[in-house]
Amino acid sequence: MTAAQAAAPAPDFLFPAGGKPGATFPVTVGGKLEGWPVGVWTSHPGLAFNAATNSGSFSVTIGADVPAGPHLVRFINADGASEPRTFVVGRRDELLEVEPNDDFRRAQRVEQRASVINGRLEKSGDVDSFAIQAEPGEWVVAAVECYALGSSVDPVLQILD
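The shown structure was predicted, so the numbers you read here are calculated from the model rather than taken from an experiment.

Brief notes about the sheet that holds strand β1 (residues 10-15)
Working step 1: In space, the four strands of this open sheet follow the order β1-β3-β6-β5, with antiparallel pairing throughout. The sheet is open, and its two edges are formed by β1 and β5 (47-51), each paired on a single side. With direction set aside, neighbouring strand axes in the sheet form an average angle of 35°.
Working step 2: As paired elements, β5 and strand β6 (residues 57-62) share five bridges and run antiparallel to each other. When the sheet's bridge partners are listed, N50 is paired in β6 with S59.

Below, the structure is given as structure tokens:
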């Protein structure tokens, strides 16, 4: 006789991995989420993940009182809880990448200043390219936040003129 072994949820990623207070938007959670819909615990009561019909799909609401910064999220089924994942609440507008944007000569144009761009590498060799307009003497500040989100991606950031 062989016993069936069930498992706690094992999320691989959240996309997008954050948003602004007062916003409600869809979030996809990749990985193993058996026993759909799974429960969700968050480290702030104003951060709510509501399971949609399709496995891995959530509607996320960030209350106006949720402070900026990283918050923890755990996914729960009858067999246990996942390791915590990071979800970042920020004060800047958030944009999603739009494919195709693999070639820097056909990069996705970003018109908004001081924004967060949520990108996702969907295949081996995937590249995400974005174009901004900057005048001589203006500062450009850019960062890639993979490690802080628990991603195994080894990012490279190149700024081209």
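Side note on the layout of surface pockets
Working step 1: In this structure, the second largest pocket occupies an estimated 170 Å³ of space.
Working step 2: Lining the second largest pocket are F15, P16, G18, G19, K20, A23, F25, P26, E94, L95, L96 and N118.
Working step 3: When contributions to the lining of the second largest pocket are tallied by element, the ones reaching two or more residues are β2 (18-19), β3 (24-32) and β10 (93-96).
Working step 4: At three residues, the largest contribution of residues to the lining of the second largest pocket is made by β10.

What to know about the side chain of T42
Working step 1: You can see T42 is positioned in strand β4 (residues 39-42).
Working step 2: For T42, a relative accessible area of 13% gives the class buried.
Working step 3: In this structure the side chain of T42 is engaged in a polar contact, spanning 2.8 Å, whose partner is the backbone oxygen of L47.

Brief notes about a nonpolar patch on the surface
Working step 1: Where nonpolar side chains cluster on the molecular surface, the patch consists of I132, V140, V144, L157 and I159 and spans about 430 Å² of accessible area.
Working step 2: By the secondary structure assignment, I159 is in the segment after β13 (130-131).

Notes on the environment of S115
Working step 1: Tracing the chain through its elements places S115 in strand β12 (residues 115-118).
Working step 2: Of the residues examined, S115 reaches a relative accessible area of 21% and is grouped as partly exposed.
Working step 3: For the pair formed by S115 and D93, sequence separation is 22 residues and the distance between their alpha carbons is 5.0 Å.
Working step 4: Discounting chain neighbours no more than four positions away, the residues touching S115 are R92, D93, L95 and V110.
Working step 5: Side-chain polar atoms of S115 contact the backbone oxygen of Q112, separated by 3.5 Å.

About the cut-offs
- Position numbers for residues count from 1 along each chain, tracking the sequence in the order it is written.
- Only residues with pLDDT of at least 70 are given local features in this predicted model, and only at 80 or more are side-chain atom pairs given and counted; all residues enter the totals for whole chains, interfaces and linings.
- Side-chain measures here rest on the full set of heavy atoms in the structure, leaving out hydrogens and waters.
- Criterion used throughout: strands pair if DSSP finds at least two bridges between them.
- Each helix is a run of DSSP H or I of at least 4 residues and each strand a run of E of at least 2, with the numbering of both proceeding from the N terminus.
- Every axis in this analysis is a line fitted to C-alpha atoms, fitted for helices over the stretch in contact. Angles between the N-to-C directions lie between 0 and 180 degrees.
- Points on a 1 Å grid, built from protein atoms alone, make a cavity when a 1.4 Å probe fits but cannot get out and make a pocket when they are open with protein on both sides within 12 Å along at least 5 of 7 lines; residues with an atom within 4 Å of a point are the lining residues.
- Grid points are joined across faces, edges and corners, and a volume is the space filled by probe spheres set on the points.
- Note on exposure labels: buried denotes an accessible area under 20% of the residue type's maximum, exposed denotes more than 50%, and partly exposed covers the range between, all computed with a 1.4 Å probe on protein chains only.
- We define a polar contact as two N or O atoms separated by no more than 3.5 Å, with the added condition that, inside protein, one atom must be a possible hydrogen donor and the other a possible acceptor, whereas residues neighbouring each other in sequence contribute only through side-chain atom pairs.
- A residue counts toward a patch only above 30% relative accessible area and without a salt bridge, and it is joined to like-charged neighbours within 9 Å or, for Val, Leu, Ile, Met, Phe, Trp and Tyr, to nonpolar neighbours within 5 Å.
- A 1.4 Å probe and the Shrake-Rupley method give the accessible areas. Residues count as covered only by the protein chains that appear here.
- The term salt bridge refers to a pairing of a side-chain nitrogen on Lys or Arg with a carboxyl oxygen on Asp or Glu at a separation within 4 Å.
- Note on definitions: a residue-residue contact is assigned when non-hydrogen atoms from the two residues lie within 4.5 Å.

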